[in-house]
Amino acid sequence: MVNDSCRLCGTNEARLIAVVEDCQYVRCAGCGVERMASYPSESEIAEFYDTGYMTKKFNNLGHHLHFTKEYRETYYAEKSLTFSDLRVDLDALKGKKLLDVGCANGQFLEFTGKLGMDSTGIDISEEMVNAGKEAGLNCQVQDLFDMNGSFDLLTYWDVIEHVSDPRQVLEKTRSLLSPGGEVILQTPCTGIVSELFGDKWLYYLPVQHLHLFSQDSLFKLLCDTGFSVVSWVRFGSCNPKGSIPDVNKRAMDTIAKRMGIGDTIVVRARRTDN
């Protein structure tokens, strides 16, 4: 069943969790991360992202709405709420240097620009970066590992689950942060919700979602790569808008957030220097 060892911890032992589009997701016995049993090759990944990925991604999860001008104010409100949940002092961000990894068309750069941050964004999609540039935003097609400099904050909004080696990404992240700098990660989170939905959980997406973290496995990886967790929030009940009556969705989402069992997690972590 398991053809590849875990890229996070090297363990071969794992338990089958879900089968989606003939692809198996397993839970690693070593670190607890859920991952594809057989990782796609670099050529398979390149082909996936080169053949209408942006359209596929947005249509699958409804994310296409998030990149429209009409959604801007809702997006800003969502990020303001997340920053409040993470206990981020917005006034203290003024003048700080930000690198947003996976910036898409730059909506987060717009949001942080309103906070007075010196914001830069990078992404692999030329289409999305060009849209950001047309809006006057400082974004570029760039690989994280080609970046240099020193930043006060790095952000990853639904990115870490896509990368081949999350450990290397976080090690590179730490090297780009100034002493005391922070990283904010948003990613799907396995747990009660994913277990109940099983194969139907929205975030089992072969080829694009390589690693899906539990809260514990994500915190451990952050600790192992030189970070300490400052704050976190979990939200989401795997009920996209329109899939159930709005009143039911509000109830389920509220329960998931208040109980800390939501299937999306946002973590704020600080670089350690001891």
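To be clear, the structure that these remarks concern was listed above.
The rules behind each value
- Residues numbered from 1 in each chain as written.
- Predicted model: local features only at pLDDT ≥ 70, side-chain atom pairs only at ≥ 80, totals over all residues.
- Heavy atoms only, no water.
- Salt bridge = Lys/Arg side-chain N within 4 Å of Asp/Glu carboxyl O.
- Helix = DSSP H or I, 4+ residues; strand = E, 2+ residues; numbered from the N terminus.
- Buried < 20%, exposed > 50% of the residue type's maximum accessible area, 1.4 Å probe, protein only.
- Arc of directions from axis to C-beta.
- Core = buried A, V, L, I, M, F, W, Y, C linked by side-chain atoms within 4.5 Å.
- Contact = heavy atoms within 4.5 Å.
- Pairing = 2+ DSSP bridges.
- Right-handed = clockwise from strand over helix to strand, strands pointing away.

Draft legend 1. The arrangement of the pattern of salt bridges in detail. Overall, the coordinates contain 10 salt bridges when judged by the stated rule. Between lysine 249 and aspartate 253 there is a salt bridge whose closest N-O contact spans 2.9 Å. Placement of both lysine 249 and aspartate 253 in helix α9 (residues 246-258) is noted, with a separation of four residues, approximately one turn of the helix.

Draft legend 2. Representation of helix α1 (residues 42-50) in the model. For α1, the set of buried residues is Ile45, Phe48 and Tyr49. Summarising the axial view, the buried residues of α1 lie within an arc of 90 degrees, below the 170-degree limit, and thus occupy one face. Away from its buried face, by an angle of more than 90 degrees, α1 presents the exposed residues Ser43, Glu47 and Asp50.

Draft legend 3. Layout of the nonpolar core. The biggest cluster of nonpolar side chains holds 31 residues, and the ones touching the most others in it are Leu99, Leu144, Leu154, Tyr156, Val183, Leu185 and Leu222. Elements with a minimum of two residues in this core: β4 (97-101), β7 (151-157), α6 (166-176), β8 (177-190), α8 (215-224) and β11 (264-271). Sequence-distant contacts of tyrosine 156, that is, excluding residues within four places in its chain, are made with Val101, Leu144, Val169, Thr173, Val183, Ile184, Leu185 and Gln186. By size, the runner-up hydrophobic cluster in this structure holds 22 residues, among which are Tyr75, Phe83, Phe108 and Ile184.

Draft legend 4. Focus on the pairing of strand β5 (residues 118-123). Across the six residues that make up β5, a large majority, five, are buried. Pairing analysis gives five bridges linking β4 to β5, with the strands arranged parallel. Each residue of the ladder has a partner; that of leucine 99, found in β5, is threonine 120. With helix α4 (residues 107-114) bridging β4 and the parallel β5, this β-α-β connection has right-handed handedness. In this sheet, strand β6 (residues 139-141) lies alongside β5 in parallel orientation, the contact comprising three bridges. Counted as the bridge partner of glycine 121 is cysteine 139 from β6. In terms of handedness, the path from β5 via helix α5 (residues 126-134) over to β6 forms a crossover that is right-handed.

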